[in-house]
Amino acid sequence: MSDITSRSGTRAARRLTHLYVGLALYGASSALLVRAGLGLEPWGVLHQGLAERTGISIGVVSIIVGAVVLLLWIPIRQCPGLGTVSNVFAVGIAMDGTLAVVPDVHGLWAQIPVMAAGIVLNGVATGLYISARFGPGPRDGLMTGLNRLTGRSIRLVRTAIEVAVVVTGFLLGGSLGVGTVLYALAIGPLAQFFLRFFDLPAPGSRTVPVAGRTPREAILPR
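Everything numeric in this text was worked out from a predicted model, so none of it was measured. (Residues numbered from 1 in each chain as written. Predicted model: local features only at pLDDT ≥ 70, side-chain atom pairs only at ≥ 80, totals over all residues. Heavy atoms only, no water.)

**Q** What is the right way to look at the overall build of the chain in this model?
**A** Counting secondary structure elements, the chain contains nine helices and zero strands. Reading the helices (α) and strands (β) of the chain from amino to carboxyl end gives α-α-α-α-α-α-α-α-α. Every one of the 222 residues in the chain was classed for burial, and the buried ones make up 49%. In the chain, the proportion of contacts linking residues at least 24 apart, taken out of those at least 6 apart, comes to 80%. Carbon and sulfur atoms form 69% of the exposed surface of the chain, whose accessible area is close to 10700 Å². (Helix = DSSP H or I, 4+ residues; strand = E, 2+ residues; numbered from the N terminus. Buried < 20%, exposed > 50% of the residue type's maximum accessible area, 1.4 Å probe, protein only. Contact = heavy atoms within 4.5 Å. Areas by Shrake-Rupley, 256 points an atom, 1.4 Å probe, with all protein chains shown as cover.)

Shown next as structure tokens:
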């Protein structure tokens, strides 16, 4: 009995570690994309655009947007988890913290490696965060809720949301560029790989169910 309890406690500790390390790395990866200056991930474009217009830090904007999106869960009857609520605050805090210590980079010789590091680190963060299984991020909960409410496919709902977010962010002054395109192309395969790498299967299970999803339909931590 004590052995079972010990294994259960160890697994819970690993899940919490995956959750919070993943969220911190997600914020850090988004900050690296900002410093690279070659284009941000879709929601990052919106956050940067709003930050430019309001004068608020991009991390705080991310927290505010996450909280607003979480409120949209109410009419579509989504239920948040620990990961959902933690996501709202942890990613933005980590993003501002990273921006405070990582300086701007200039010249393609520096921008390209920083952009690549940001995209890969985002994939690592995604694998860690989702493997914890503490609930989707507020933005992805909105996606799955609309999928259930409308009957439209995850792919269609996600694409519609992200196109609207990117266009709005760009019009507000957000950074749209090659980094945005490369992120869109690379994050699916990267998430698939790191989900498999970090997966914590249920006790007694030998399968890796979450890693078997189509990369574009994996629930990312946003």
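**Q** Is there a simple way to explain helix H7 (residues 138–150) in this structure?
**A** Helical geometry: 3.6 residues make up each α-helical turn, so side chains three or four residues apart lie on a common side. The terminal C-alpha atoms of H7 lie 18 Å apart, and with 13 residues this matches the ideal 18 Å at 1.5 Å per residue to within 8%. Those residues of H7 that fall on the buried side of the exposure criterion are Pro138, Arg139, Asp140, Gly141, Leu142, Met143 and Gly145. Lining the buried residues of H7 we find helix H2 (42–54), helix H3 (58–71), helix H4 (73–76), helix H5 (82–101) and helix H8 (154–172). (Expected span 1.5 Å × (residues − 1).)

**Q** For this particular structure, what's the right way to read the packing of helix H6 (residues 108–131) against helix H9 (residues 178–198)?
**A** Geometry of a packed helix pair, given as the angle between the helix axes and the separation of the axes. In contact at an axis separation of 7 Å, H6 and H9 are set at 40 degrees when each is read in the N-to-C sense. Our classification of the angle between H6 and H9 gives oblique. Between H6 and H9 lies a crossing whose hand is right-handed. For the pair H6 and H9, the contacting residues are Met115, Ile119, Val120, Asn122, Gly123, Val124, Thr126, Gly127, Leu128, Ile130 and Ser131 in the first and Val178, Gly179, Leu182, Tyr183, Ala186, Ile187, Leu190, Ala191, Phe194, Leu195 and Phe198 in the second. Among the residues making up the contact of H6 with H9, the classes are represented as 16 nonpolar, six polar and no charged. (Axes fitted to C-alpha atoms, helices over the stretch in contact; angles between N-to-C directions. Parallel < 35°, antiparallel > 145°, perpendicular 65-115°, else oblique. Left-handed = near helix turned anticlockwise from the far one by under 90°. Nonpolar A, V, L, I, M, F, W, Y, C, P; charged D, E, K, R; others polar.)

**Q** Got a minute to help me understand the confidence of the model for the chain in this structure?
**A** Low pLDDT means the predicted coordinates in that region are not meant to be read closely. Within the chain, residue pLDDT values average 87, and 87% of them lie at 70 or more. Segment residues 207–220 is flagged for pLDDT under 50; beyond a separation of four residues in sequence, or across chains, it makes 38 contacts in the model. (pLDDT = per-residue confidence, 0-100.)

**Q** Would you mind showing me how to read the packing of H3 against H5 here?
**A** Two elements in contact, H3 and H5, have axes whose closest approach is 7 Å; the angle formed by their N-to-C orientations is 170 degrees. One element, H3, and the other, H5, form an angle in the roughly antiparallel class. The element H3 and its partner H5 pack so that their crossing is right-handed. Contacts between H3 and H5 involve Ile58, Gly59, Val60, Ser62, Ile63, Gly66, Ala67 and Leu70 from the former and Thr84, Val88, Phe89, Val91, Gly92, Ile93, Met95, Asp96 and Leu99 from the latter.

**Q** Explanation requested: H3 in the structure shown.
**A** With 14 residues, H3 extends 20 Å between its outermost C-alpha atoms, agreeing within 8% with the 20 Å of an ideal straight helix rising 1.5 Å per residue. By the burial criterion, the buried members of H3 are Ile58, Gly59, Val61, Ser62, Ile63, Val65, Gly66 and Val69.

**Q** Any chance you could explain a nonpolar patch on the surface here in plain terms?
**A** On the surface, a cluster of nonpolar side chains totalling about 470 Å² of accessible area is made up of Val163, Val167, Phe170, Leu171 and Leu176. Mapped onto the elements of the fold, Val163 is located in helix H8. (Patch = residues over 30% accessible without salt bridge, like charges linked within 9 Å, V, L, I, M, F, W, Y side chains within 5 Å. Salt bridge = Lys/Arg side-chain N within 4 Å of Asp/Glu carboxyl O.)

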